[in-house]
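Listed below, chain by chain, are the residues.
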Amino acid sequence: MNSADTSFILICAALVMFMTPGLALFYGGMVRSKNVLATIMQSFIMLGLVSIIWTVVGYSLSFGTDIGGLIGGMDFFALNGVGMDTAGSPADNLPHLLFMIFQCMFAVITPALITGAFAERMKFGALLVFSSFWVVLVYAPMCHWVWGGGWMGDHGALDFAGGAVVHMSSAAAALAGCLVMGKRKGYGREPFIPHNLPMTLLGAGMLWFGWFGFNAGSALAANGLAANAFVTTHLAAAAAVLGWLLVEAMHGGKPTTLGAASGAVAGLVAITPAAGFVTPMASIVIGFGGGMVCYGGVLMKTKFGYDDSLDVVGIHGLGGTYGAIATGLFASIGAEGLFYGNASQLWIQIESCIATWGYCFAVSWVLFKLIDKFYGLRPSEEDEVSGLDVSEHSEAGYQI
Amino acid sequence: MRKIEIIVRPFKVDDVKDAIAALGLKGMTVTDVKGFGRQGGHKEVYRGAEYQVDFIAKTKVEIVVDADRVPEVIDAVSEAAKTGKVGDGKIFVIPVEEVVRIRTGETGPDAI
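Scope of this entry: the structure provided in the associated data block.

### Details of the sheet that holds strand β6 (residues 89-95) of chain B
All names here are of chain B. The antiparallel open sheet is built from four strands, whose spatial order is β2-β5-β1-β6. Each edge of the open sheet is held by one strand with a lone partner, namely β2 (29-35) and β6. Going across the sheet, the axis of each strand differs from the next one's by a mean of 25°, ignoring polarity. Relative to β6, strand β1 (residues 2-8) is paired through seven bridges, and the arrangement is antiparallel. Bridge pairing links V8 to G89 in β6.

Written as structure tokens, this is what we have:
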């Protein structure tokens, strides 16, 4: 065990935890005031729900002994054998419990990301059922495939901090969700204007802050690789703010604060798979492109006619996919991408994107359909119009 | 008696209040309202999607005066609320049948 690494990853785990309430505020500001609490709750509840599922069964399915490259065994069921020393830990410099809780924070935020797609129109009970099954059936296998000794990692796919595991997987589920659930009542006929953009910018700031734990912590040690990931993370987000605002000003006429916040998140998503594999200068290129690509991503929903309330597909889906492919182009630390003479890496990255989208979309689609059939995904029209804060939680966000 | 409803830009409310007070008139009711006139609303852009916002914030000032004082009120308020740009607002003059002061029971002009 290494105490410097241990203290660093303890702090990183706390930083990643902070991203979930940050996401709650990021999303909460973008919905109408009658849905602010329900939207915040959809993220916040994951801290409760997923943490328990993860420690009981999710961690073992993700990091237990590999079964056919597809899933982990039940050796760590209910934290059996996950103790204060390094025995059995996938990171032999960290207490096994610490590795488990660091990974837990990733598992918490991933289903929370999905909720942006169906914000303002999903029953709370249905969300709990969906998220519980999703963590077990989608997140845990994905995590195993990439980081837990599964086939994707073995195949050589590069995903430093979760481009596929976190962002593409949640975006694929998000796409399935908004297609199964349909559009919000009144979509296209009345404006759905963000009710509190300062809240959204505060949330974006918290996400950016927490992302240092997410990416730098994925080095799993307090070392130069963590420093590199920290720097690439920051520079990509910075460049993406500029990239987004540039295309937004050219296309829409003015740079907006929501654009700056969205650009930052887009850059953070794009650099996530690449953070430890690319140089700081490459991260600027990746981030700048990520900001521009994701700006285009959010315009897609208007073109294709689906209602992705808060642009999960446009930002996490497109940003994550772009970042995974960019990793195959720019990787130069610990692996070589196309620009460093290794064209096969790019192909592996593309394969991993296709597999991730395909698996996560298909299972999520079936889950949504089943829950809709047996429980119902959407509240009644009257409840949706009166707002989910009152109809789902008997509360109001503001007493004005 | 006439009721005068004055729709003005919110930042002009104090000027309108002072102008009315300078005429020796007492009492007014002020409400925050939204609406649009010939200029329509304005455009807002969120993540590349444009929304037309039809209703613009305005303030409504209501006073009741003797009919013969209406012209001077209109002159004073017009002067105070004017910026010369589109969206300065409107003044509506409405007949009033009766006024009652609740505390004393006075009616008509005495109650204004």
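### Description of the packing of helix α4 (residues 124-147) of chain A against helix α6 (residues 163-181) of chain A
All names here are of chain A. Two elements in contact, α4 and α6, have axes separated by 10 Å at closest approach and are oriented at 140°. With respect to α6, the element α4 is oriented oblique. Crossing of α4 over α6 shows right-handed handedness. Residues F130, W134, Y139, M142, C143, V146 and W147 of α4 pack against A164, V165, V166, S169, S170 and A173 of α6.

### Some details on the pairing of β1 of chain B
The side chains of a regular strand alternate between the sheet's two faces. Residues and elements named next belong to chain B. Buried residues dominate β1, accounting for five of its seven residues. Sheet analysis places β1 next to strand β5 (residues 56-65), joined by seven bridges and oriented antiparallel. Each residue of the ladder has a partner; that of I6, found in β5, is V61.

### Some thoughts on the packing of aromatic side chains
Residues and elements named next belong to chain A. This model, assessed by the stated rule, comprises 24 aromatic pairs over all chains. Between Y59 and F99, the ring centres sit 6.4 Å apart and the planes meet at 65°, which makes this aromatic pair edge-to-face. In this pair, Y59 sits in helix α2 (residues 36-63) while F99 sits in helix α3 (residues 96-114), placing the two residues 40 residues apart along the sequence. Comparing Y59 with F99 shows no difference in burial state: the two are buried. Relative to F214, the ring of F106 has its centre 4.3 Å away and its plane inclined at 20°; by these criteria the two rings are stacked.

### Brief notes about a nonpolar patch on the surface
All names here are of chain A. On the surface, L179, W365, V366, L370, F374 and Y375 cluster together into a nonpolar patch covering about 610 Å² of accessible area. Considering each element in turn, the nonpolar patch owes the most residues, four residues, to helix α12 (residues 343-374). Here V366 is to be found in helix α12. The class of V366 is partly exposed, set by a relative accessible area of 43%.

### A look at helix α1 (residues 3-30) of chain A
An ideal rise of 1.5 Å per residue puts 40 Å on 28 residues; α1 of chain A measures up with 41 Å between its terminal C-alpha atoms. By the N-cap criterion, in which a side-chain oxygen at the helix start approaches the backbone nitrogen of a residue two or three places on, α1 of chain A is capped by N2 of chain A, the distance to A4 of chain A being 2.9 Å.

Rules and cut-offs
Residues numbered from 1 in each chain as written. Chains lettered and ligands numbered in written order. Predicted model: local features only at pLDDT ≥ 70, side-chain atom pairs only at ≥ 80, totals over all residues. Heavy atoms only, no water. Pairing = 2+ DSSP bridges. Helix = DSSP H or I, 4+ residues; strand = E, 2+ residues; numbered from the N terminus. Axes fitted to C-alpha atoms, helices over the stretch in contact; angles between N-to-C directions. Parallel < 35°, antiparallel > 145°, perpendicular 65-115°, else oblique. Left-handed = near helix turned anticlockwise from the far one by under 90°. Contact = heavy atoms within 4.5 Å. Buried < 20%, exposed > 50% of the residue type's maximum accessible area, 1.4 Å probe, protein only. Phe/Tyr/Trp six-rings, centres within 6.5 Å; stacked < 30°, edge-to-face > 60°. Patch = residues over 30% accessible without salt bridge, like charges linked within 9 Å, V, L, I, M, F, W, Y side chains within 5 Å. Areas by Shrake-Rupley, 256 points an atom, 1.4 Å probe, with all protein chains shown as cover. Salt bridge = Lys/Arg side-chain N within 4 Å of Asp/Glu carboxyl O. Expected span 1.5 Å × (residues − 1). Polar contact = N/O pair within 3.5 Å; in protein donor to acceptor, adjacent residues only side chain to side chain.

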